[in-house]
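Results of the structural survey
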Amino acid sequence: NAGVTQTPKFRILKIGQSMTLQCTQDMNHNYMYWYRQDPGMGLKLIYYSVGAGITDKGEVPNGYNVSRSTTEDFPLRLELAAPSQTSVYFCASTGLAGVNLYNEQFFGPGTRLTVL
Amino acid sequence: LAKTTQPISMDSYEGQEVNITCSHNNIATNDYITWYQQFPSQGPRFIIQGYKTKVTNEVASLFIPADRKSSTLSLPRVSLSDTAVYYCLVASWDSSYKLIFGSGTRLLVRP
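The paragraphs below set out a description of the structure included in this document. (Residues numbered from 1 in each chain as written. Chains lettered and ligands numbered in written order. Predicted model: local features only at pLDDT ≥ 70, side-chain atom pairs only at ≥ 80, totals over all residues. Heavy atoms only, no water.)

Notes on the overall build of chain B
Each helix and strand counted, chain B has 0 helices and 10 strands in total. In chain B, the succession of α and β elements from N to C terminus is β-β-β-β-β-β-β-β-β-β. Against the compact-globule benchmark of 13 Å for 111 residues, chain B has a radius of gyration of 13 Å, which places it among compact chains. Its C-alpha atoms give chain B principal-axis dimensions of about 45 × 30 × 25 Å. Taking all 111 residues of chain B together, the buried fraction comes to 51%. Look at the contacts in chain B between residues 6 or more apart in sequence, and 55% of them connect residues 24 or more apart. Carbon and sulfur atoms provide 51% of the accessible area of chain B, an area that totals close to 5400 Å². Charge centroids of chain B, computed over 10 positive and 8 negative side chains, lie 4 Å from each other. (Helix = DSSP H or I, 4+ residues; strand = E, 2+ residues; numbered from the N terminus. Rg over C-alpha atoms; globule rule 2.2 N^0.38 Å. Buried < 20%, exposed > 50% of the residue type's maximum accessible area, 1.4 Å probe, protein only. Contact = heavy atoms within 4.5 Å. Areas by Shrake-Rupley, 256 points an atom, 1.4 Å probe, with all protein chains shown as cover. Lys, Arg positive; Asp, Glu negative; His and termini not counted. Charge placed at Lys NZ, Arg CZ, Asp CG, Glu CD.)

Examining the nonpolar core
All names here are of chain B. In this structure, W35, I47, L73, L75 and Y86 are the most contacted members of the largest nonpolar core, which totals 20 residues. Elements with a contribution of two residues or more to this core: β2 (18-23), β3 (32-38), β4 (45-50), β6 (61-64), β7 (70-75), β8 (84-93) and β10 (105-110). Broken down by element, the residue count for this core peaks at 4 residues, all from β8. Not counting residues up to four positions away in its chain, the partners in contact with Y86 are Q6, I20, W35, Y36, Q37, I47, L73, L75, G104, T105 and L107. (Core = buried A, V, L, I, M, F, W, Y, C linked by side-chain atoms within 4.5 Å.)

So, the pattern of salt bridges
All names here are of chain A. Summed over all chains, the structure comprises 3 salt bridges over all chains. With a closest N to O distance of 2.8 Å, R36 and D38 form a salt bridge. With relative accessibility at 11%, the residue R36 sits in the buried group. Put simply, R77 and E79 hold a salt bridge, and the shortest N to O gap is 3.3 Å. Classification of E79 as partly exposed rests on a relative accessible area of 39%. (Salt bridge = Lys/Arg side-chain N within 4 Å of Asp/Glu carboxyl O.)

Focus on the pairing of β3 of chain B
Residues and elements named next belong to chain B. Here β3 lies mainly inside the structure; 7 of its 7 residues are buried. As defined by bridge partners, β3 adjoins β4 across 5 bridges and the pair is classed as antiparallel. Opposite I33, over in β4, you have G50 as the bridge partner. Where β3 hands over to β4, the hairpin turn is made up of 6 residues, of which S41 adopts a positive phi near 65 degrees. (Pairing = 2+ DSSP bridges.)

Topic: the pairing of β10 of chain B
Residue and element names in this part refer to chain B. On β10, burial follows the alternation: T105, L107 and V109 on one face are buried, whereas R106, L108 and R110 on the facing-out side are not. The pairing of strand β1 (residues 9-13) with β10 spans 5 bridges and is parallel. Its bridge partner being in β10, S9 is matched across the sheet by R106.

Here it is in structure tokens:
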């Protein structure tokens, strides 16, 4: 299993440009997440999905959009890039869990995005 | 979701035991305490998770007192490769499993 893969690894955008960060997992996990990590800080949840066709906002969703058409893929869309979106973006997934059961999150290697 | 407070940084030497304590005063009944490790330019990696008392796995132990308002990650006999940022977080389950990361503890292991 490759686990969670993300593309691209690095990207430089100009203000106002748009792009899609790709995330794919091959573990048949229902739950997928997007986080951003600013320098020296912890991760902040942007969006998450509990299954194909179902997404919801996290802590910092403004300026981003997501879709989940398949179990494997969870792309993150930036429509009008701003310097404040310069960050490292991590995708993660976890398997099905119920109340009082835990499941660790598996993280991808990250995408480093710079907006100039 | 419960917020966590942990030391910003810690220093240790190879072979020593390292204990990192985290406070989470407003933890809810169904919340789990989880620790992740992160190396530079990598995604976080799960270390250990617990609900109460003590949990041990092959790399760490987690001690949680009865009131669950704090927890301590114990790393036995650290090596240079344990130099990383360690995140204590409370994992909440309502309609999905969500993690809210704090700023983490930077552990530096010296020779």
